[in-house]
Amino acid sequence: MTYTPANSKPDQLLTGYISVRAPELKHIYNAIQGATSVNELTNKFGRPTAEGLQTDHVEETVRFLNAVDLVESPSGDIRSTVERINQDRFTELPFEARLLYHCSQQEGRQTHFAAVYRALLSEESRTVSVGRDDLKTVLKRETDYDFSWTKKKIDMWVTLCDQLGLITETDNDLILSPCRALLHDALVLAPTEANEEPDYDTVEVENGDFRRALDWINDNLFSIYEKRAGTPRVHPAIADVLRNMENDDVISLSSPGDSQNAVEIPPEDLDDDVRGNRRDATRISIHSRPDETAYQYPLTQHLTRQ
């Protein structure tokens, strides 16, 4: 399926939508069935207050969905009616992974959203300090955009990506490991054979090209590598999740003797991260995602706990 950019997209930076949250994005997107009145959405998802129904967050959520090519207006007025676009691309792909994919397809200054995670992985650590001044320093050093990385922009990115399962925010750190559900869906979606297009139709994969899959995820969903030149090296935060999934028999990694295009996986103990202790992998088999909490997205875990 062809990826179609939305018409009349707003110029506002993605990280400028400071009130946008993943639960509302998911619920409002799911509520859009055919051409849908924005008034219908504001009446359904607005917040009652003493002064009346508060709807600014609904309208901003709709504009964000438009900005990342998930909806557009059939009338040309995003304040009036909206309908989904690109919904036939990767049918059944969970919303969380779909949203990250769409954010990664943006061009120009809007590439800044995907660039944040890549910049944080450049620190070559599983975690980075949660301090916004520290994050701002990393982003100023590792990215080059004609705007300032304000605390509000960083807060928006951290909150949204935490809710989507790309990172985990604690009191002191950002844990850069994606949740297992997200990495599993990314591996299922990614092409693993020559001339294969990405799709989400076949969950089971046998003996696929591991590097091909990781290259596609790195270029289209979220960053994977600590180093890409020569033999690519998986970032320790990604390697941890791969190990967990392999221990759970959800994936199997192998390296037949005559295989090409190896990927290096660092050891769990980074104090032992030297050439001889890194594992080479060239092939991957992927099995169904278990029906366990560890393989749920954060939004699903939250609903399960309620």
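For the structure itself, look to the data block above.
Calculation notes
Residues numbered from 1 in each chain as written. Predicted model: local features only at pLDDT ≥ 70, side-chain atom pairs only at ≥ 80, totals over all residues. Heavy atoms only, no water. Phe/Tyr/Trp six-rings, centres within 6.5 Å; stacked < 30°, edge-to-face > 60°. Helix = DSSP H or I, 4+ residues; strand = E, 2+ residues; numbered from the N terminus. Disulfide = S-S within 2.5 Å. Axes fitted to C-alpha atoms, helices over the stretch in contact; angles between N-to-C directions. Parallel < 35°, antiparallel > 145°, perpendicular 65-115°, else oblique. Contact = heavy atoms within 4.5 Å. Nonpolar A, V, L, I, M, F, W, Y, C, P; charged D, E, K, R; others polar. Buried < 20%, exposed > 50% of the residue type's maximum accessible area, 1.4 Å probe, protein only. Pairing = 2+ DSSP bridges. Patch = residues over 30% accessible without salt bridge, like charges linked within 9 Å, V, L, I, M, F, W, Y side chains within 5 Å. Areas by Shrake-Rupley, 256 points an atom, 1.4 Å probe, with all protein chains shown as cover. Salt bridge = Lys/Arg side-chain N within 4 Å of Asp/Glu carboxyl O. Lys, Arg positive; Asp, Glu negative; His and termini not counted. Charge placed at Lys NZ, Arg CZ, Asp CG, Glu CD.

Draft legend 1. Inspection of the packing of aromatic side chains at higher detail. Counted under the stated rule, the structure contains 11 aromatic pairs. A ring pair is formed by Phe90 and Tyr101, whose centres lie 5.1 Å apart and whose planes are at 80°; its orientation type is edge-to-face. Taken together, the residues span a long stretch of sequence, with Phe90 in the loop between strand 5 (81-84) and helix 4 (95-104) and Tyr101 in helix 4 at a distance of 11 residues.

Draft legend 2. View of the state of the cysteines. In this structure the tally under the stated criterion is 0 disulfides. Here Cys103 is not cross-linked by a disulfide; its sulfur's nearest cysteine counterpart is in Cys161, at 7.5 Å.

Draft legend 3. Representation of the packing of helix 1 (residues 22-31) against helix 4 within the structure. Between helix 1 and helix 4, whose axes approach to 11 Å, the crossing angle comes to 100°. Compared by their axis directions, helix 1 and helix 4 come out roughly perpendicular. From helix 1, Ala22, Leu25, Lys26 and Tyr29 reach across to helix 4, where they touch Phe95, Glu96, Arg98 and Leu99. Class assignment of the residues belonging to the contact of helix 1 with helix 4 gives a composition of 5 nonpolar, no polar and 3 charged.

Draft legend 4. Representation of the environment of Ala194. As for its placement among the helices and strands, Ala194 is situated in the loop between helix 8 (180-189) and strand 9 (205-209). The class for Ala194 is exposed, based on a relative accessible area of 51%. Remark: the alpha-carbon pair of Ala194 and Gly208, spanning 14 residues in sequence, is separated by 9.8 Å.

Draft legend 5. Expanded view of the environment of Lys140. Considering the arrangement of structural elements, one finds Lys140 in helix 6 (residues 132-142). According to the relative accessible area criterion, Lys140 is exposed, its value standing at 61%. Once the C-alpha coordinates of Lys140 and Ala119 are considered, the two residues, 21 residues apart in sequence, prove to be 9.4 Å apart.

Draft legend 6. Summary view of the sheet that holds strand 12 (residues 251-254). Strand order in the open sheet formed by 3 strands is 9-15-12, with antiparallel pairing between adjacent strands. Both edges of this open sheet fall to strand 9 and strand 12, since each of them pairs with a single strand only. Taken pair by pair, the neighbouring strands of this sheet meet at an average axis angle of 20°, ignoring direction. Note that strand 12 and strand 15 (residues 283-286) share 4 bridges and pair antiparallel. By the bridge assignment, Ser252 is partnered in strand 15 with Ser285.

Draft legend 7. Looking closely at the side chain of Ser223. Tracing the backbone shows Ser223 in the loop between helix 9 (210-220) and strand 10 (225-227). Since its relative accessible area comes to 5%, Ser223 is described here as buried.

Draft legend 8. Examining the environment of Thr143 more closely. Along the chain, Thr143 turns up in the loop between helix 6 and helix 7 (151-164). You can call Thr143 buried: its relative accessible area is 13%. Here the alpha-carbon distance between Thr143 and Ala119, two residues 24 residues apart in the chain, equals 7.0 Å. If we skip the residues at most four places from it in the chain, Thr143 touches Ala115, Ala119 and Trp149.

Draft legend 9. Main features of the pairing of strand 5. The two faces of strand 5 differ: Val82 and Arg84 on one face are buried, but Thr81 and Glu83 on the other face are not. The pairing of strand 1 (residues 36-37) with strand 5 spans 2 bridges and is antiparallel. In the sheet register, Ser37 faces strand 5, and the bridge partner there is Thr81. As judged from the 2 bridges shared by strand 4 (residues 71-72) and strand 5, these two strands associate in the antiparallel manner. What sits directly across from Val71, in strand 5, is Arg84.

Draft legend 10. Seen up close, a negative patch on the surface. Negative charge collects at one region of the surface, where Glu268, Asp269, Asp271 and Asp272 lie side by side. Overall, Glu268 belongs to the exposed group, its relative accessible area being 59%.

Draft legend 11. Structural detail: the sheet that holds strand 7 (residues 168-169). Taken in spatial order, the 3 strands make up an open sheet running 6-8-7, and their pairing is antiparallel. With partners counted over all chains shown, the strands left at the sheet margins are strand 6 (127-129) and strand 7, one partner each. As defined by bridge partners, strand 6 adjoins strand 8 (residues 173-175) across 3 bridges and the pair is classed as antiparallel. Counterpart to Val128 in the pairing with strand 8 is Leu174.

Draft legend 12. Inspection of the pattern of salt bridges at higher detail. All told, the structure shown has 23 salt bridges when counted by the stated rule. Among the salt bridges present, the one from Glu142 reaches Arg141, with a minimum N-O distance of 3.2 Å. Given a relative accessible area of 39%, Glu142 falls into the partly exposed group. Exposure remark for Arg141: the relative accessible area of 48% places this residue in the partly exposed category. In this structure, Arg228 and Asp219 form a salt bridge, with 2.8 Å as the shortest nitrogen-oxygen distance. What makes Asp219 partly exposed here is its relative accessible area of 46%. By sharing partners, the salt bridges in this structure join Arg132, Lys151, Asp155 and Glu169 into a single network.

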